[in-house]
Amino acid sequence: MFTNTSAQTENRLKVKLASGHAVLGVWSIIPSPVVVEIFGLGGIDFAILDMEHGIFDVGALDSCVRACEAAGAVPLVRIPGLDPSAAQWALDLGAHGIVAPQVSNASEAEAVVKMAKYPPLGTRGYNPFTRAAQYANPPDNRSGKLNNDFSLSCVIIENESAVADLARICAIPRLDVIYMGIYDLSVALGCDGDTKHPRVTEVVERSIAQIRAAGKAAGMMVRSQKDIATALALGANFLVYSVDTSLIHEAVARAVTSFQSEQQAFSSIVTPTEIIETT
């Protein structure tokens, strides 16, 4: 777990990856700073605030970026497509990086990196009065979150054209993470959402090896300790543990199952008549 503030001078998630450590995060589609804070306090390295499948507006995004940092985790934002405006909002609010879905080729992946960088490296608009700048009008963009080295850039490989162009995507400078989107990929490969299908597994294993050989961080979703062990053995080092909605649902379902099991056991020992007679 990290201790981050809006005044942070380095992206500690990038530092941790560069030092050879794997990191663990969560997908967040609930636009609640309380939920994000809980996950941060639970010890995750990062949360991906999801503007593609979540229902984040800019106000909720602002609150969740703050809550994530306050709880000691790194806030990343999945923008809802190749949208420079969404990338601008996320980074100006103080997010530590962007994650772009449905990238189809190297040209689109390069455009994602440029969205996160100021000229001459990119196309990001410069405003020194935002939260990312501490509202302080600094004299230049060479420190803190305004520095071009600060922001993390990640693209998601989830279609066949991106897989086919993976070698060129891996060669893009300043692209930090390449994430294998196994759910969309399983549909694109004709496996109808079966993320464990051998065809999906083969593509993921081959792609992660290629990504890591190129010096990039490789990401994928995990949903159990066994999944974590498998992912680490493959070389993946940017692991996202399920989705906040699913984790909450599973915890409640386990509690209900435990209650029903104990209730059934208790009922087999003590009948309602016996309870009435003893009261």
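See the structure above.
Parameters at a glance
- Residues numbered from 1 in each chain as written.
- Predicted model: local features only at pLDDT ≥ 70, side-chain atom pairs only at ≥ 80, totals over all residues.
- Heavy atoms only, no water.
- Phe/Tyr/Trp six-rings, centres within 6.5 Å; stacked < 30°, edge-to-face > 60°.
- Helix = DSSP H or I, 4+ residues; strand = E, 2+ residues; numbered from the N terminus.
- Buried < 20%, exposed > 50% of the residue type's maximum accessible area, 1.4 Å probe, protein only.
- Salt bridge = Lys/Arg side-chain N within 4 Å of Asp/Glu carboxyl O.
- 1 Å grid on protein atoms, 1.4 Å probe; cavity = no way out; pocket = protein on both sides within 12 Å on 5 of 7 lines; lining within 4 Å.
- Points joined across faces, edges and corners; volume = space filled by probe spheres on them.

What to know about the packing of aromatic side chains
Applying the stated criterion across every chain yields a total of three aromatic pairs. A centroid spacing of 5.6 Å and a plane angle of 85 degrees characterise the contact between W27 and Y179, whose relative ring orientation is edge-to-face. Of this pair, W27 sits in strand β1 (residues 23-28) while Y179 is found in strand β6 (residues 177-180), placing the two residues 152 residues apart along the sequence. Taking the centre distance of 5.4 Å and the plane angle of 90 degrees together, the rings of Y118 and Y126 count as edge-to-face. Take Y118: its relative accessible area is 2%, and that puts it in the buried class.

Brief notes about the pattern of salt bridges
Counted by the stated rule, this structure contains 13 salt bridges. One salt bridge connects D45 with K16, and the closest N-O pair in it is separated by 3.1 Å. With D45 in the loop between α2 (33-41) and β2 (46-50) and K16 in helix α1 (residues 12-18), this residue pair connects regions lying 29 residues apart in the sequence. If you follow the salt bridges from partner to partner, you end up with D50, E52 and R78 in one network.

Here we look at the layout of surface pockets
When its volume is computed, the largest pocket comes out at roughly 320 Å³. I182, T195, K196, M220 and D227 are, among the 16 residues lining the largest pocket, the residues nearest its centre. Listing elements by their share of the lining of the largest pocket, those giving two or more residues are α8 (182-188), α9 (198-213), β7 (217-222) and α10 (225-234). Here the second largest pocket is characterised by a volume of approximately 280 Å³. Mapped onto the lining of the second largest pocket, the elements with two or more residues apiece are β6 and α8. Element by element, the count of residues in the lining of the second largest pocket is highest for α8, at three residues.

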